[in-house]
Amino acid sequence: MCFAKSHTNTHRMQRIFFWLLLLIILGCSKAEQPSLKPIIIMKTGSYTVNGSKVPPGGRLSFGITASGGGATLTNLLIHRKLGDQVITELDKGIYINEGGLSIDFTAVKGMAEEEDWTFMVMNANRDTAMAQVQVLLGEGSAWGSLLHFESVVLGMQHNGSLPNYLDLHNGMSYTQEQVQGHEAEIDLVAFVYTTGGIISPTLCCPAYSGSSSVTGHYPAIAGWVVRNSTLYDYYTSDNQLISAETFDAAVNDSLLVTAFNPGNVSGLCKYAFAGRVIPFRTEEGKYGLIKVKHADELSDGAIELEIKIQQ
Amino acid sequence: MTRKALVLLTLLGCFASSLIAQHRAEGVVLEHGSRLPVAGAHVRIGPKVTATDLKGFFSIDGLDPGLQTITVTAIGFEEHIASLQLGPGQKQEKLTILLKEKMQGLDEVVVTATRSENRISDIPGRIEMISPEKLRLTASQSIDEVLALLPGVTVSRSFGLFSHKSTVSMRGLGGNEQARTLVLVDGIPVNKADGGSVNWNLISMLDIERVELLKGPGSALYGGNAMGGVINVIRRKPSHKTEANLGLSYGTYNTRGIKANAGRQHNSGLFWSAGAFVRASDGYITQSWADRQANPYIVKSAFDEKMMAVRGGYKKSDRFEVNLDLSVFDDRRETGEKVNQPHGNTTDHDSYQFRAAFAGREANWNWSAALFYLNENYKRVSEWQKDDYTWYDVRSLREDLGLLTALSRNVGRHSLTAGFDIRHGAVDASDIYYTSTDQVDNKGKMRFLGFYFQDQLHFFDDKLQLIAGLRYDEALFYDAAFVIHQPSAETRFMSSYQFSGLSAQHWGAMSPRLSIQYKPHNNFRVFLSYSRGFRPSVLDDLCRSGRVRGGFKVARPNLKPESIDNLEAGVDYRPTELLHMTASIFYAAGHDFLYYVSTGDSIDMGFGNRPVMIRSNISEVNIYGFEGSVNSSPLSFLNLTAAYAFTVSKITGYAASLAVSGVDLTGKTLADVPRHTFTAGAFARLSFLDAGLTARYTGKMFVNDQNSYDDLVLSNQYPATFTLDLKLRKSFLKHFDLGFTIQNLLDQKIYESKGAVGPGRFMLVDLSCHL
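Please read these numbers as outputs of a predicted model, since none were measured by experiment.

Participant: What is the right way to look at the confidence of the model for chain B in this model?
Facilitator: When pLDDT is low, close inspection of the predicted coordinates is not appropriate. Residues and elements named next belong to chain B. When pLDDT is averaged along chain B, the result is 86; 91% of the residues meet or exceed 70. Scored below 50 in pLDDT, residues 13–20 shows 1 contact in the model against residues more than four places distant or in partner chains. Interface predicted TM-score (ipTM) for the complex: 0.80; the corresponding pTM is 0.83.

Participant: Please explain the domain arrangement of chain A as it appears in this structure.
Facilitator: In many analyses, interface size is given as the accessible surface area lost on bringing the parts together. Residue and element names in this part refer to chain A. Looking at chain A, the domain boundaries give domain 1 (39–137) and domain 2 (146–310). Its C-alpha centre places domain 1 at a distance of 27 Å from the equivalent point of domain 2. On the side of domain 2, 8 residues touch domain 1, which itself brings 7 residues to the contact. Note on domain 1 versus domain 2: buried area summed over both sides is about 510 Å², and carbon and sulfur give 52% of it.

Participant: Explain the nonpolar core here, please?
Facilitator: Within soluble globular proteins, side chains that are nonpolar generally end up buried alongside one another. Counting residues in hydrophobic clusters, the biggest one holds 44 residues, and the most contacted among them are B:Leu539 and B:Tyr595. Those residues within four positions of B:Leu539 in sequence are excluded, and the remaining contacts are B:Ala193, B:Asp194, B:Gly425, B:Ala426, B:Val427, B:Gly444, B:Lys445, B:Met446, B:Phe477 and B:Arg544.

Participant: Teacher, can you tell me more about the interface of chain A and chain B here?
Facilitator: At the interface, 38 residues of chain A touch 31 residues of chain B. A buried area of about 2,400 Å², summed over both sides, lies between chain A and chain B, and 44% of it is on carbon and sulfur atoms. Per-residue buried area on chain A facing chain B is highest for A:Tyr95, A:Arg126 and A:Ser209; these three make up 25% of the total on that side. Inspection of the region where chain A meets chain B yields 0 salt bridges. Put simply, chain A and chain B have 8 residue pairs in polar contact (both at pLDDT 80 or more) between them. Broken down by element, the residue count for the side of chain A that touches chain B peaks at 6 residues, all from strand β5 (residues 85–96) of chain A. Residue composition of the side of chain A that touches chain B, grouped by class: 13 nonpolar, 20 polar and 5 charged.

Participant: I keep staring at the sheet that holds strand β3 (residues 59–67) of chain A and nothing clicks. Help me out?
Facilitator: The pairing of strands in a sheet comes from backbone hydrogen bonds and takes either a parallel or an antiparallel form. All names here are of chain A. Taken in spatial order, the 3 strands line up as β1-β3-β6 in an open sheet, and their pairing is antiparallel. Looking at the sheet topology across the chains shown, the edges are occupied by β1 (39–42) and β6 (101–108). Averaged over all pairs of adjacent strands, the angle between their axes in this sheet comes to 25°, without regard to strand direction. Pairing analysis gives 8 bridges linking β3 to β6, with the strands arranged antiparallel. Paired with Arg-59 across the bridge in β6 is Val-108.

Participant: Mind showing me how you'd approach the pattern of salt bridges here?
Facilitator: Pairing is possible between side chains of opposite charge, provided their charged atoms come close. All names here are of chain B. Counting across every chain of the model gives 57 salt bridges over all chains. One salt bridge connects Asp-304 with Lys-306, and the closest N-O pair in it is separated by 3.8 Å. Judged by its relative accessible area of 22%, Asp-304 is partly exposed. Here the salt bridges share partners, and the residues they tie into one network are Glu-177, Arg-180, Arg-535, Asp-540, Asp-541, Arg-544, Lys-553, Glu-562 and Arg-615.

Participant: What is the right way to look at empty space enclosed by the protein in this model?
Facilitator: Once rolled over the atoms, a probe with the size of a water molecule shows which space is left empty. All names here are of chain B. All told, the structure shown has 10 cavities of 30 Å³ or more when counted by the stated rule. Taken together, 29 residues line the second largest cavity, and the ones lying closest to its centre are Ser-204, Asp-207, Arg-235, Met-307 and Ala-309. Sorting the residues of the lining of the second largest cavity by element identifies β18 (255–265), β19 (270–284), β20 (301–317), β22 (346–362) and β23 (365–385) as the ones contributing at least two each.

Participant: How should I be thinking about the sheet that holds strand β4 (residues 73–82) of chain A in this particular structure?
Facilitator: All names here are of chain A. Strand order in the open sheet formed by 5 strands is β2-β8-β7-β4-β5, with mixed pairing between adjacent strands. Two strands in the sheet have a free side with no partner beyond their single neighbour: β2 (52–54) and β5. Mean inter-strand twist for the sheet, computed between neighbouring axes without regard to direction, equals 25°. Inspection of the sheet shows strand β7 (residues 114–123) paired to strand β8 (residues 128–137) by 9 bridges, in the antiparallel sense. Across the sheet, residue Phe-119 finds its bridge partner in β8, namely Ala-131.

Participant: Looking at this structure, I do not really get the pairing of β7(A). What am I missing?
Facilitator: Where a strand is regular, its side chains alternate between the two sheet faces. Residues and elements named next belong to chain A. The buried fraction of β7 amounts to 8 of the 10 residues, a majority that puts the element mostly inside the structure. Note: β4 against β7, 8 bridges, orientation antiparallel. Across the sheet, the residue bridging to His-79 is Thr-118, located in β7. What sits between β7 and β8 in their antiparallel hairpin is a turn of 4 residues, with Arg-126 showing a positive phi close to 65°.

Calculation notes
Every chain is numbered independently, its residues counted from 1 as its sequence is written. Chain letters start at A and ligand numbers start at 1, both assigned in the order the entries are written. Predicted model: local features are reported for residues with pLDDT of at least 70 only, side-chain atom pairs are reported and counted for 80 or more only, and whole-chain, interface and lining totals are derived from all residues. Only hydrogens and water are set aside when side-chain values are computed; all heavy atoms of the structure are taken into account. pLDDT is a residue-level measure of predictor confidence that goes from 0 to 100. We call two residues in contact when some of their heavy atoms are within 4.5 Å. Residue ranges for the domains originate in an automatic or database domain assignment. Note: buried area is the sum, over both parts, of the accessible area (probe 1.4 Å) each one loses when the two are combined. For the purposes of this section, nonpolar cores are sets of buried Ala, Val, Leu, Ile, Met, Phe, Trp, Tyr and Cys residues that join through side-chain atoms within 4.5 Å. Throughout this description, buried means an accessible area under 20% of the type-specific maximum (1.4 Å probe, protein chains only), exposed means over 50%, and partly exposed covers the range between. Salt bridges are defined as contacts in which a side-chain nitrogen from Lys or Arg sits within 4 Å of a carboxyl oxygen from Asp or Glu. Polar contact is the term for a pair of N or O atoms within 3.5 Å; when the atoms are in protein, one must be able to donate a hydrogen and the other to accept it, and sequence-neighboring residues count only if both atoms are side-chain atoms. The way it works is that DSSP assigns letters per residue, a run of H or I at least four long becomes a helix, a run of E at least two long becomes a strand, and they are numbered from the N terminus. Classes in brief: Ala, Val, Leu, Ile, Met, Phe, Trp, Tyr, Cys and Pro nonpolar; Asp, Glu, Lys and Arg charged; the others, Gly included, polar. What makes two strands pair is DSSP finding at least two bridges between them. Angles run from 0 to 180 degrees between N-to-C directions of axes, and those axes are lines fitted to C-alpha atoms, restricted for helices to the stretch in contact. For cavity detection a 1 Å grid was placed over the protein atoms alone, and a set of points counts as a cavity when a 1.4 Å probe fits there but cannot get out; an open set counts as a pocket when protein lies on both sides within 12 Å along at least five of seven lines, with lining residues being those that have an atom within 4 Å of a point. Grid points are joined across faces, edges and corners, and a volume is the space filled by probe spheres set on the points.

Right, dumping it as structure tokens:
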């Protein structure tokens, strides 16, 4: 009898122990955390959608929204694939903790029958999310006209007798006193400094920061609320890939768009010597070319530019 | 009387007599002049030995009666020998022993030069030593800074505590290459195979006994890295009684620290010690005013660091000794720019190292073996804002481990030493980008096997000494790779330089040494020495391509070591007990020196074309110079030192096959080598205060090996600098010690090649309490 009771008790204890153990194991095991990856969504509305037909020279407009999925968004990458060729249209480092990303990106349709656009975001965990849009070649041509400013003279950083600040879209230049109230329109400033042992007349933009930044030469820009970013294709300039004659022959915006290689751009363009032709794109997305007609190598000198920009 | 009673009485008698016979001797060891206690002095009475505690006290039990000899020795003091009569009626002796401070120099015992104990005077070579007294009375915040007081030693730690790294080089071997000088802690190397660098911040000053410095190539005993010389930091073991210290410090830029250490040597032979320090500073802005105007992201360069070390071991006699130690170090140093990351740009070292050293004596053989393992996790956070935001981390795991052995024996006139060393180093690193898709991986391993033999011969009562040594090292470089994943514009330009699956590279190096010395008496010696040293390429040059200042450098797996043949002559003369003078001249011919040379190609790194450079064995170098020093103790409490060094380092042969045409470094002077250096020091130990005043003049140095104009320095040479440092110490209330330090008393601004400026005058107050 006692033995039977004891056996029953033992069995009960074993069962209790088993359930306790199971509870402990289940309790100790980490609850599966949902994987938080970034999210990217293409905006709808007046944007270029998948399958659109756009003639060459036509405007492409993409709207992108993204969130980091719990981690900081750190990279936005836009590729344009033309057959086997992949062009990096934008590869931008960002740092967005809260609120997510919402931007519009514009481009110009080329001659390819099909363009496969890829939009990717990455977060600080190096997790990525992607969206794709295919654009087809439409009929006709949409190349547009350009504005031509034959001679724009700007003072270098220590030349106060000439205007230092330039609006590329209309060729208007401003002195230090005149620019007040027009800061949001300024796309270009010029300065001279020594880099790599070479005295370099240099084109820059208000948004360029970090070492060798524009505020080292134009301290007033540090206080501007709006600072535009102009991207210069320094590779084309350094290697003089576009001649002055080619520049002179441009009558519509096709060369302005096709000359700009987005893979080699910066807000700083060194070695802007006379004769150089520099493709650029403004913050607003306008493409253009700058021909340097004259450039002093003195910080109180001047630089003369001839500019063609999309209208 | 029964037999039992007789036995009992006899036993009682023996017991009683043993009680009566047991003596105890205790006392205090003090400095002769200042009457300050001497800690760590060895006291031997008969066969028994002990060490004094921090207050200079000692006690020894179980002494037999009769005439005994008491011998007291301590670093920096003359040996004290006296007779002690322990009579049957005396059970306890209380002694006061006064030690005279010794002229530092020839009679000091060092281990570095021969991997066995020898007096400096018996080594035909130039040995320098820094005693604990000097360590205590210099204003240096780290051990490498102290070395700058020695002639011919160049320390690149312009920013003191705020420097991320430091390089110590000797005798004209400039270029900020730590890999050309071997650094040991208790005889175990701390140079990392990855870059040859040493984390000097990891070497705590808490328990250093002394620092030995061997000038000239030491490769005949130590192999690679010892091309320019060997630095050995030797740590102190705890004394007999339990000792404990707690210290607080506070200084300029809100620099604060706390340190503690404790230890004990037991009668059984076991000893243990533990120590830790924590230090932090708000830092200062290192960039120039112009940089601050141009860059809105500049912030102060703050730092924090912590270290913990535990040691233990056993030594009962010379027959067997074991020492184990484990140390852990963690620091984060900000580099003065912050955009989005919590601490901005930082460097971070998480290191731990383990060492086990064994030594013993069997019959007439002395043997030693040491195992070590050093693991360093290096992380660098880099971020900046230009056209857009860039953020990437460098994560590098560096491992170094090895086995070092030595066997020695005296046979007649010969002191023979031989052994072998096995060392292994590895790096596994990644540049991980967060603002683009890139990841750049590089890794590599290197293994060394070295055999050495040395014979030290003594003639004519040690008046003539000869050392002949030879070492052969075989190295293997393997398992190397440089791979880029998902390259974008950030790293695509490096794509053509990827590699993996290379066949292993190996090479060998022979390092002979022949030295002779004539020492007619203890106050004079002259020596002549020839030695060859070599320095292997570091893993960073062998397997990593990437950005360097001025361009882009390409990995080169088949680099050969650089080497140097050194001939030197020296003399030591002590005309009086109070004056000691040394002088040395040296000539060295360097071969296959490593340089970055332009390949003629350029590459677009995303901000314009930059030259592609490659490390190459391309030049012959001639180095010659003179060093002299004077050390004097005109008064018992005052020690004066002065030293001068003159060094010329020129490139004499330049293999231009890989260089861009028109570039020829022949005739150029090596960068970072001052032609003239002068140091002086005055150290006083008074009854009310201890003081140390040191001065250092460093002459001009070329900024680069091209000897060309530098945009940031605005010259082709760094200007000469003169710094004055002061240290004051005061002991009070038996257990407290108050210190006041001023580095760079004249507040001289020192600039380095990137335009950053040093901290200027730096002051620190420290208070410590000891049992």
